[in-house]
Amino acid sequence: ITVSALRETVAGERRVAITPEVAKKLRGKGVRVLLEHSAGAAAGFPDASYADVEFADADQISREADLLACVLPPDDTALARLREGCVIVGQLRPHDAATRIRVLAEYKLTAFSLELLPRTTRAQAMDVLSSQAAVAGYRAMLIAAENAPKFFPMLTTAAGTIRPSRVLVIGAGVAGLQAIATARRLGAQIEGYDVRPETREQVESLGAKFLQLGVSAAGSGGYARELTAEERAAQQQALAEHLKVFDVVVSTAAVPGRPAPKILTAAMVDGMKPGALIVDLAAESGGNCELTRPGERVVHDGVVILGPLNLAAGAPLHASEMYARNIYNFAELLIRDGALKPDFDDELVAKSCVVRQGEILLKA
Ligand code: NAD
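Residues numbered from 1 in each chain as written. Predicted model: local features only at pLDDT ≥ 70, side-chain atom pairs only at ≥ 80, totals over all residues.

## With respect to the packing of helix H5 (residues 128–147) against helix H6 (residues 174–185)
Any two packed helices are characterised by the angle at which their axes cross and by the distance between the axes.
1) Next: Across the interface, H5 lies against H6 with an axial gap of 7 Å and an inter-helix angle of 40°. Judged by the inter-axis angle, H5 sits oblique to H6. When the axes of H5 and H6 are compared, the crossing they make is right-handed. Mapping the contact onto sequence places Ser-130, Ala-133, Ala-134, Ala-136, Gly-137, Tyr-138, Ala-140, Met-141 and Leu-142 in H5 and Val-174, Ala-175, Gly-176, Leu-177, Gln-178, Ala-179, Thr-182 and Ala-183 in H6.
2) Next: Here the residues of the contact of H5 with H6 are counted per class, giving 12 nonpolar, five polar and no charged. (Axes fitted to C-alpha atoms, helices over the stretch in contact; angles between N-to-C directions. Helix = DSSP H or I, 4+ residues; strand = E, 2+ residues; numbered from the N terminus. Parallel < 35°, antiparallel > 145°, perpendicular 65-115°, else oblique. Left-handed = near helix turned anticlockwise from the far one by under 90°. Contact = placed C-beta atoms within 7 Å. Nonpolar A, V, L, I, M, F, W, Y, C, P; charged D, E, K, R; others polar.)

## Quick notes on the sheet that holds strand S4 (residues 67–69)
1) Next: Spatially, S3-S2-S1-S4-S5-S6-S18-S19 is the arrangement adopted by the eight strands of the open sheet, whose pairing is mixed. Two strands in the sheet have a free side with no partner beyond their single neighbour: strand S3 (54–56) and strand S19 (359–360).
2) Next: Pairing of strand S2 (residues 32–36) with S3 involves three bridges; the strand directions are parallel. What sits directly across from Glu-36, in S3, is Ala-56.
3) Next: Packed onto the sheet, helix H4 (residues 98–106) meets strand S6 (110–113), strand S18 (353–356) and S19 and runs at close to 40° relative to S18. (Pairing = 2+ DSSP bridges.)

## Comments concerning H6
1) Next: Taking 1.5 Å as the rise per residue, H6 with 12 residues should run 16 Å; its terminal C-alpha atoms sit 17 Å apart, in good agreement.
2) Next: Burial in H6 covers these residues: Ala-175, Gly-176, Leu-177, Gln-178, Ala-179, Ile-180, Thr-182 and Ala-183.
3) Next: Buried residues along H6 sit against H5, strand S9 (166–170), strand S10 (189–193), helix H7 (199–205) and strand S12 (248–251).
4) Next: Positive backbone phi, approximately 90°, marks Gly-187, located one or two places after H6. (Expected span 1.5 Å × (residues − 1). Buried ≥ 20, exposed ≤ 12 C-beta atoms within 10 Å, placed from the backbone.)

## So, the nonpolar core
1) Next: Of all hydrophobic cores here, the largest spans 110 residues; its most connected members are Ala-17, Ile-18, Ala-69, Val-89, Val-250 and Ile-327.
2) Next: In terms of residue count, the dominant contributor to this core is H5 (11 residues). (Core = buried A, V, L, I, M, F, W, Y, C linked by C-beta atoms within 7 Å.)

## Concerning the sheet that holds strand S15 (residues 303–306)
Picture the strands of a sheet paired through backbone hydrogen bonds; they go either parallel or antiparallel.
1) Next: Here we have seven strands laid out as an open sheet, ordered S11-S10-S9-S12-S13-S15-S14, and mixed in their pairing. A strand with exactly one partner marks an edge of an open sheet, and here the two such strands are strand S11 (209–210) and strand S14 (297–300).
2) Next: Sheet topology note: the S12/strand S13 (residues 277–280) ladder contains four bridges and is parallel. Pairing of Val-250 across the sheet is with Val-279, part of S13.
3) Next: Contacts from H5 reach S12, S13 and S15 within the one sheet, and its direction differs from that of S13 by about 155°.

Treat this as a map of the structure, not an account of what it does.
The structure is reproduced here in structure tokens:
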């Protein structure tokens, strides 16, 4: 069988779904690897870094690929060119993508969207949400450090002592914990906050202080649930008091399948120090701050609010390495005895399938 990846086409996307390491592992399984010219170049993998791999243009790939791996979905025209029966694996962003799903179905394709994998232990090795959230959390904190008017670490110099920046991370999931770890490495004085009580220990294990606001909202499957209106008011009131001391806030809060919870109101931002900085990693799903504008820089009374998008693409080499391993581990569930035979009795296969040979399975 032929496994392929195209050059990603979304603006600013630099990752690639198949790295040299994963291409080699696929070859080891007797799979033919056919990539679009320069597919990995923007991630730091020029064609010459792939051994024993064939390169072609997008047209040839559309005709020959049995399995197409992608980071973000190819545009609808590219999907429509794929041959019937082709299997697509990637982050297909299936929610809010009715047209894309219709195209996949119309052209009798089979599509697996890895964001839909259950977050079970067995799925961890293919969990793209986790691997890419770790990159995003790291990048968000670097963006914060770069844009803040202050140093992160304490410095004792002949020109006086510089006090460390005080940093708050809201939402201590995969991205938040990586943001905390990154701020620690940069020497900031850091606090973390989440509505899931079990995150306290995780935050503290990274050497940060846990900010206790008295609102607890553990949901199902290890996720948070949405807060009630009363809980949200209580959270905002308690948080507003604390916000005054922070130089940097990185927010990462999310609830599966829902728009990002609005945690920081304009009034709360009004109470922050002039020169303070908010990096809203939830910008992609609407933002945790009322003032966030996705992809933009907003200045509100001296407080800067950044809403960076597609942060994982900003560290494309390692992001691709992790992503491609996720893809490989998932592809192992699809390829049996040298042929593409997805086992739909496996819940990881069944639950991540959006379209199966033209039949729409995702009930959006
Ligand atoms: P996420 O991206 O859905 O959310 C980020 C964080 O925001 C979560 O920690 C959540 O509790 C928090 N949050 C939500 N609403 C909030 C609010 N109003 N105020 C403050 N914080 C709020 O989460 P995630 O990073 O994808 O992971 C969440 C959990 O799933 C973690 O426990 C993680 O360890 C677990 N997980 C398990 C697996 C696995 O076993 N395969 C894989 C990944 C993650």
